[in-house]
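Summary of structural features
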Amino acid sequence: GAVVSQHPSWVICKSGTSVKIECRSLDFQATTMFWYRQFPKQSLMLMATSNEGSKATYEQGVEKDKFLINHASLTLSTLTVTSAHPEDSSFYICSPSSGGRTDTQYFGPGTRLTVL
Amino acid sequence: DAKTTQPPSMDCAEGRAANLPCNHSTISGNEYVYWYRQIHSQGPQYIIHGLKNNETNEMASLIITEDRKSSTLILPHATLRDTAVYYCIVRVGGSSNTGKLIFGQGTTLQVKP
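Read on for an overview of the structure. (Residues numbered from 1 in each chain as written. Chains lettered and ligands numbered in written order. Predicted model: local features only at pLDDT ≥ 70, side-chain atom pairs only at ≥ 80, totals over all residues. Heavy atoms only, no water.)

What follows is about the sheet that holds strand β4 (residues 32–38) of chain A. Residues and elements named next belong to chain A. Read across the open sheet, the six strands follow the order β2-β10-β9-β4-β5-β6; overall the sheet is mixed. Each of the sheet's edge strands pairs with one partner strand only, and the pair in question is β2 (10–13) and β6 (57–58). As paired elements, β2 and strand β10 (residues 111–115) share four bridges and run parallel to each other. Bridging from a neighbouring strand, I12 pairs with T114 of β10. (Pairing = 2+ DSSP bridges. Helix = DSSP H or I, 4+ residues; strand = E, 2+ residues; numbered from the N terminus.)

Right under this line is the structure:
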């Protein structure tokens, strides 16, 4: 399968600070990037979809000004959680895709964010 | 929202086959059925996908009914490392060439010694 990395794997920050999470597709070009978050004991929830070089499309209820997504290259996308609060503590997972309806979609290992 | 229904949990004895069912009665003709699993605190792992024919790979087999309204994922010889949450997902796409994967609650499979 495809190789996807996320950095950092975990982060602890103070309330009010911003945190940037990187997602890299190491062996293919990701024209599309999906960002998910997962709260404890819950399923993955899609936050946003971004295409390389374009603005991200956010799912209903996800604040675009709080969760900044940059997809400037075909191998790197970043998610910045701005002014983080304890309720933003979650497991954030990226999923790059090279496109195509039958394309197999792979996932990163996830980033555990804890906001104190 | 996810368009699939799965039992919340299942048990399986180690070494036996694990059969995980999924209902997707509203599936469209051009939508694929994907299966992923998630081991605790890791990203989802792709298992298998199919359109209408049965599929098999090194991890599992996927059996899709003729009317495509349900499917079964089969792990032929379950091991303790197969304990995970298994997600059955119908790929949403419409006219887009990049479909979103929308996760439901999945089935928690517990493989027991």
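Residue and element names in this part refer to chain B. Under the criterion given, the structure shown has seven salt bridges over all chains. Residue K3 pairs with E31 through a salt bridge whose shortest N-O separation is 3.0 Å. Here K3 is found in the segment before β1 (9–13), whereas its partner E31 is found in the loop between β2 (18–23) and β3 (33–38), with 28 residues between them in sequence. Under the relative-accessibility criterion, K3 is labelled partly exposed at 31%. Overall, E31 belongs to the buried group, its relative accessible area being 8%. With its nearest N and O atoms 3.1 Å apart, the salt bridge here joins K112 to D11. Here the residue K112 occupies a position in strand β9 (residues 107–112), and D11 occupies one in strand β1, the gap between them amounting to 101 residues. Given a relative accessible area of 41%, K112 falls into the partly exposed group. The class for D11 is exposed, based on a relative accessible area of 52%. (Salt bridge = Lys/Arg side-chain N within 4 Å of Asp/Glu carboxyl O. Buried < 20%, exposed > 50% of the residue type's maximum accessible area, 1.4 Å probe, protein only.)

The next point concerns the side chain of D82(B). Residues and elements named next belong to chain B. In this fold, D82 is placed in the loop between β7 (70–75) and β8 (84–90). When its relative accessible area of 13% is taken as the criterion, D82 is described as buried. Within the structure, D82 has its side chain in polar contact with the backbone nitrogen of T79 (distance 2.8 Å). If near-sequence neighbours (up to four positions away) are discounted, D82 is found in contact with R37, L75, H77, L109 and V111. (Polar contact = N/O pair within 3.5 Å; in protein donor to acceptor, adjacent residues only side chain to side chain. Contact = heavy atoms within 4.5 Å.)

Residue and element names in this part refer to chain B. What the four strands build is an open sheet, ordered β2-β7-β6-β5; its pairing is antiparallel. With partners counted over all chains shown, the strands left at the sheet margins are β2 and β5 (55–56), one partner each. Where strand β6 (residues 61–64) meets β7, four bridges bridge the pair, whose relative direction is antiparallel. Within the sheet, the bridge partner assigned to L62 lies in β7 and is L73.

Right, let's get into the layout of surface pockets. Considering only enclosed or pocket space, the largest pocket measures out at about 490 Å³ in volume. Lining the largest pocket are 19 residues, and of these Q38(A), K41(A), H40(B), S41(B) and V85(B) sit closest to its centre. Sort the elements by how many residues they give to the lining of the largest pocket and β8(B) lands first, with three residues. Of the residues that constitute the lining of the largest pocket, the class distribution is seven nonpolar, 10 polar and two charged. (1 Å grid on protein atoms, 1.4 Å probe; cavity = no way out; pocket = protein on both sides within 12 Å on 5 of 7 lines; lining within 4 Å. Points joined across faces, edges and corners; volume = space filled by probe spheres on them. Nonpolar A, V, L, I, M, F, W, Y, C, P; charged D, E, K, R; others polar.)

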